[in-house]
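# Breakdown of the fold
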Amino acid sequence: MRARIAAACAAADRDPAEITLIAVGKGMAAGRVAEILALGVTDLGENKAQEAATKAADVASLQPEPVARWHFIGQLQRNKARLVTEFASMVHSVDRPTLVVALDRAAAARRRPLEVLLQLDLDPEPDPTRGGVDPQDLASLADAVLRVEHLALRGVMTVAPQGVDARRAFDRLVGYSQVLQAIQPSATVISAGMSGDLEAAISAGATHVRVGTALFGARKLASEHRS
Ligand SMILES: *Cc1c(COP(=O)(O)O)cnc(C)c1O
């Protein structure tokens, strides 16, 4: 995977050090995720709150070093906000003001602010199961995050819509990233690219890629896109 990212960076004239690889272990046992961590992939991603919380604890006991950074990348219900703030460093899927409020309240108990990304829905025919804010509402959602105390606004995220050219979707995401950085200059993270489209994402400017299948092999379908 590092070689694939390096090749994509070479093709795009970018430095691989700019790209954070997030290993998405959803549907995989803690032991498999611990093996990846032992190889030095310290950024780990999950998309279901309960599975993630349990796995974060199990991985920490199986593989205490290096210490993992957990990314929550799935649709999040408000009543799971507390669970997620207990283990996650970054939540990629903030897409509505009510979730901002719930995460802020839950993050008040943390030592450090919870880093958040705003997830954009770039589908011409929005799919509510995939989540994401309508790009028209990006600035007001950003303001909602900036108004609260315990969240740090770090950037944008998207999942390329099906049936749309991924590169075009990622170019749009980069445009919205610039809109966001005009509001909050430190919100530089661009989370885009999965096993099937990470080259397109890196070429467009992604800083974080979220890779499951290409690292762990195929999952059972039931774990897709739900929390
Ligand atoms: C599952 C998932 C990924 C990883 O997908 P792969 O195609 O297995 O690499 C990335 N991002 C999100 C939001 C996901 O749910």
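First, a word on scope: everything that follows refers to the structure included in this document. (Residues numbered from 1 in each chain as written. Predicted model: local features only at pLDDT ≥ 70, side-chain atom pairs only at ≥ 80, totals over all residues. Heavy atoms only, no water.)

Scanning the protein from N- to C-terminus turns up nine helices and eight strands. By the compact-globule yardstick of 17 Å for 227 residues, the protein fits well, its C-alpha radius of gyration being 16 Å. Projected onto the principal axes, the alpha-carbon positions of the protein cover approximately 45 × 40 × 30 Å. When each of the 227 residues of the protein is scored for burial, the buried share is 49%. (Helix = DSSP H or I, 4+ residues; strand = E, 2+ residues; numbered from the N terminus. Rg over C-alpha atoms; globule rule 2.2 N^0.38 Å. Buried < 20%, exposed > 50% of the residue type's maximum accessible area, 1.4 Å probe, protein only.)

If you check the shell around the ligand, you find Lys-26, Ile-73, Met-157, Val-159, Met-194, Ser-195, Arg-210, Val-211, Gly-212, Thr-213 and Arg-219 and nothing else. Measuring from an oxygen atom of the ligand, one finds a side-chain N or O atom of Lys-26 at 2.7 Å. In this structure, an oxygen atom belonging to the ligand sits 2.8 Å away from a side-chain N or O atom of Arg-219. Contact with the protein chains hides 94% of the accessible area of the ligand, taken as 390 Å² for the molecule alone. Residues of the shell around the ligand, tallied by class, amount to five nonpolar, three polar and three charged. (Near = heavy atom within 4 Å. Polar contact = N/O pair within 3.5 Å; in protein donor to acceptor, adjacent residues only side chain to side chain. Areas by Shrake-Rupley, 256 points an atom, 1.4 Å probe, with all protein chains shown as cover. Nonpolar A, V, L, I, M, F, W, Y, C, P; charged D, E, K, R; others polar.)

Where burial is concerned, most of strand β6 (residues 151–158) is hidden: six out of the eight residues are buried. Strand direction decides the pairing type here: strand β5 (residues 114–120) and β6, joined by seven bridges, are parallel. The residue bridging Leu-114 from the neighbouring strand is Leu-151, located in β6. Note that the unit made of β5, helix α6 (residues 138–147) and β6 has a crossover that is right-handed. One ladder, built from three bridges, connects β6 with strand β7 (residues 189–191); its direction is parallel. Across the sheet, residue Val-156 finds its bridge partner in β7, namely Ile-190. The parallel pair β6 and β7, bridged by helix α7 (residues 166–183), forms a crossover whose chirality is right-handed. (Pairing = 2+ DSSP bridges. Right-handed = clockwise from strand over helix to strand, strands pointing away.)

This part is about the pattern of salt bridges. Evaluated as defined, the whole model comprises nine salt bridges. For Lys-55, the salt bridge is made with Glu-46, and the minimal N-O distance between the two is 3.0 Å. Classification of Lys-55 as buried rests on a relative accessible area of 5%. For Glu-46, a relative accessible area of 1% gives the class buried. (Salt bridge = Lys/Arg side-chain N within 4 Å of Asp/Glu carboxyl O.)

The next thing to look at is the side chain of Asp-197. Among the secondary structure elements, Asp-197 is positioned in the loop between β7 and α8 (198–204). Buried and without a salt bridge, Asp-197 has Arg-210 as its closest oppositely charged side chain, separated by 6.7 Å. One polar contact links the side chain of Asp-197 to the main-chain amide nitrogen of Met-194, over a distance of 2.6 Å. (Lys, Arg positive; Asp, Glu negative; His and termini not counted.)

Here the focus is helix α5 (residues 97–107). Listed in full, the buried residues belonging to α5 are Leu-99, Val-100, Ala-102, Leu-103, Asp-104, Ala-106 and Ala-107. Of the surrounding secondary structure, the elements contacted by the buried residues of α5 are α4 (81–85), β4 (88–94), β5, α6 and β6. (Contact = heavy atoms within 4.5 Å.)

Right, let's get into the environment of Val-133. Turning to its location among the elements, Val-133 is positioned in the loop between β5 and α6. The class for Val-133 is buried, based on a relative accessible area of 6%. Taking the C-alpha atoms as reference points, Val-133 and Val-164, separated by 31 residues in sequence, lie 18 Å from one another. Sequence-distant contacts of Val-133, that is, excluding residues within four places in its chain, are made with Asp-95, Gln-119, Leu-120, Asp-121 and Leu-141.

Moving on, we get to the pairing of β4. The buried count for β4 comes to seven of seven residues, which makes it a mostly enclosed element. With three bridges connecting them, β4 and β5 associate as parallel partners. Each residue of the ladder has a partner; that of Val-94, found in β5, is Leu-118.

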